[in-house]
Amino acid sequence: MTPPVLETERLILRPHRVQDFADVAALWANPDTVRFIQPAIETPEGAWAKLMFHHGHWLAMGFGVWVITGRSSGRYLGETGFFVTPRQCDPLLGDAVEASWVLAPEAQGRGIAAEAVLRTHAWADAAGLWTETVCLLNPENAASRRLAAKAGYKLRQEVQYRGGKSLVMARAVGQL
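All values derive from a computational prediction rather than experimental measurement.

Glancing now at the packing of aromatic side chains. Summed over the entire model, instances satisfying the criterion amount to eight aromatic pairs. On the numbers, 5.2 Å between centres and 55° between planes, the contact of Phe-82 with Trp-130 is tilted. Of this pair, Phe-82 sits in strand 4 (residues 76-83) while Trp-130 sits in the loop between helix 4 (112-127) and strand 6 (132-137); the two residues are 48 residues apart in sequence, bridging distant segments of the chain. Classification of Trp-130 as buried rests on a relative accessible area of 11%. Positioned above the aromatic ring of Trp-28, the side-chain terminus of Lys-50 is 4.0 Å from the ring centre.

Structure follows, in structure tokens:
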């Protein structure tokens, strides 16, 4: 599937391109970006794997993750969307569709994540590809917890993931 381009007042959400590699690598190599997401910064190989995952996910599943860019600047600001992955948490999430968002530190605190996440969720609601999404959050990530609540997510359970506790938040389609 060719990913759709989504627009908001300030943003354009578009598919990843190979030319985004430097931005993807910089995003995931920033300790401030990954501190609530993964135990260490991403290597260039890992960033390339993420970029290829995003390309392949759209083809295999018919949905995926978008690049968040500034409408006027065209600048890469982060990523948001949906995916399925075999997370090794306890208990397992199975084939749950996960929502995700990650912003470059310089894009945080300006409502960009909320604007992008609400737009992708509106797309998902209209597409009707699933009945529910979940997101896996670090309990200490207050900003993401607020954003999840704004998008209609509610706490479902705690899981063990990567040596610590994570929150599984769930949202039924149409909660916006």
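Okay, the packing of helix 1 (residues 21-28) against helix 3 (residues 44-61) next. The geometry of helix 1 relative to helix 3 is characterised by a closest axis approach of 9 Å and an angle of 120° between their N-to-C directions. Relative to helix 3, the element helix 1 lies oblique. The handedness of the crossing between helix 1 and helix 3 comes out as right-handed. Packed against helix 1, whose contacting residues are Phe-21, Val-24, Ala-25 and Trp-28, the element helix 3 presents Pro-44, Ala-47, Trp-48, Lys-50 and Leu-51 at the interface. In terms of residue class, the contact of helix 1 with helix 3 is made up of eight nonpolar, no polar and one charged.

Once that is clear, we can look at the pattern of salt bridges. Taken as a whole, this structure holds eight salt bridges when the rule is applied. Here Lys-165 makes a salt bridge to Glu-158, at a shortest N to O gap of 3.7 Å. Note on Glu-158: relative accessible area 46%, which makes it partly exposed.

Moving on: helix 3. Helical geometry note: an α-helix holds 3.6 residues per turn, so side chains three or four residues apart project in the same direction. The terminal C-alpha atoms of helix 3, which comprises 18 residues, lie 25 Å apart, in line with the 26 Å expected from a rise of 1.5 Å per residue. Looking at the buried side of helix 3, the elements it contacts are helix 1, strand 3 (65-70), strand 4 and helix 4. The first or second residue beyond helix 3 is Gly-62, which carries a positive phi of 80°.

Along the chain, Glu-115 falls in helix 4. A distance of 2.4 Å separates the side chain of Glu-115 from the side chain of Thr-8, its partner in a polar contact.

In this fold, Thr-80 is placed in strand 4. Side-chain polar atoms of Thr-80 contact the backbone oxygen of Ser-100, separated by 2.8 Å. Excluding its chain neighbours within four sequence positions, the residues that come into contact with Thr-80 are Val-65, Trp-66, Ile-68, Ser-100, Trp-101, Ala-116, Val-117 and Thr-120.

Let us now look at the state of the cysteines. Applying the stated criterion across every chain, the model contains zero disulfides. Take Cys-135: it sits in no disulfide, and the sulfur closest to it among the cysteines is that of Cys-89, at 13 Å.

What follows concerns a nonpolar patch on the surface. Together, Val-18, Trp-48 and Met-52 line one region of the surface with nonpolar side chains, adding up to about 250 Å² of accessible area. You can see Met-52 is positioned in helix 3. Classification of Met-52 by relative accessible area gives partly exposed; the value is 31%.

With that settled, the discussion passes to the nonpolar core. Judged by nonpolar contacts, the single largest core of 30 residues is most densely connected at Ile-68, Phe-82, Trp-101 and Trp-123. Secondary-structure elements contributing two or more residues to this core are strand 2 (11-14), strand 3, strand 4, strand 5 (98-103), helix 4, strand 6, helix 5 (142-150) and strand 8 (164-172). A per-element tally of this core places helix 4 first, with seven residues. With residues near it in sequence (within four places) discarded, Trp-123 still touches Pro-4, Leu-6, Trp-58, Gly-62, Phe-63, Trp-66, Phe-82, Leu-129 and Trp-130. Formed by eleven residues, the second largest nonpolar core is a distinct cluster that contains Leu-51, Val-67, Tyr-76 and Val-102.

Analysis parameters
Residues numbered from 1 in each chain as written. Predicted model: local features only at pLDDT ≥ 70, side-chain atom pairs only at ≥ 80, totals over all residues. Heavy atoms only, no water. Phe/Tyr/Trp six-rings, centres within 6.5 Å; stacked < 30°, edge-to-face > 60°. Helix = DSSP H or I, 4+ residues; strand = E, 2+ residues; numbered from the N terminus. Buried < 20%, exposed > 50% of the residue type's maximum accessible area, 1.4 Å probe, protein only. Lys NZ or Arg CZ within 6 Å of the ring centre and 35° of its normal. Axes fitted to C-alpha atoms, helices over the stretch in contact; angles between N-to-C directions. Parallel < 35°, antiparallel > 145°, perpendicular 65-115°, else oblique. Left-handed = near helix turned anticlockwise from the far one by under 90°. Contact = heavy atoms within 4.5 Å. Nonpolar A, V, L, I, M, F, W, Y, C, P; charged D, E, K, R; others polar. Salt bridge = Lys/Arg side-chain N within 4 Å of Asp/Glu carboxyl O. Expected span 1.5 Å × (residues − 1). Polar contact = N/O pair within 3.5 Å; in protein donor to acceptor, adjacent residues only side chain to side chain. Disulfide = S-S within 2.5 Å. Patch = residues over 30% accessible without salt bridge, like charges linked within 9 Å, V, L, I, M, F, W, Y side chains within 5 Å. Areas by Shrake-Rupley, 256 points an atom, 1.4 Å probe, with all protein chains shown as cover. Core = buried A, V, L, I, M, F, W, Y, C linked by side-chain atoms within 4.5 Å.

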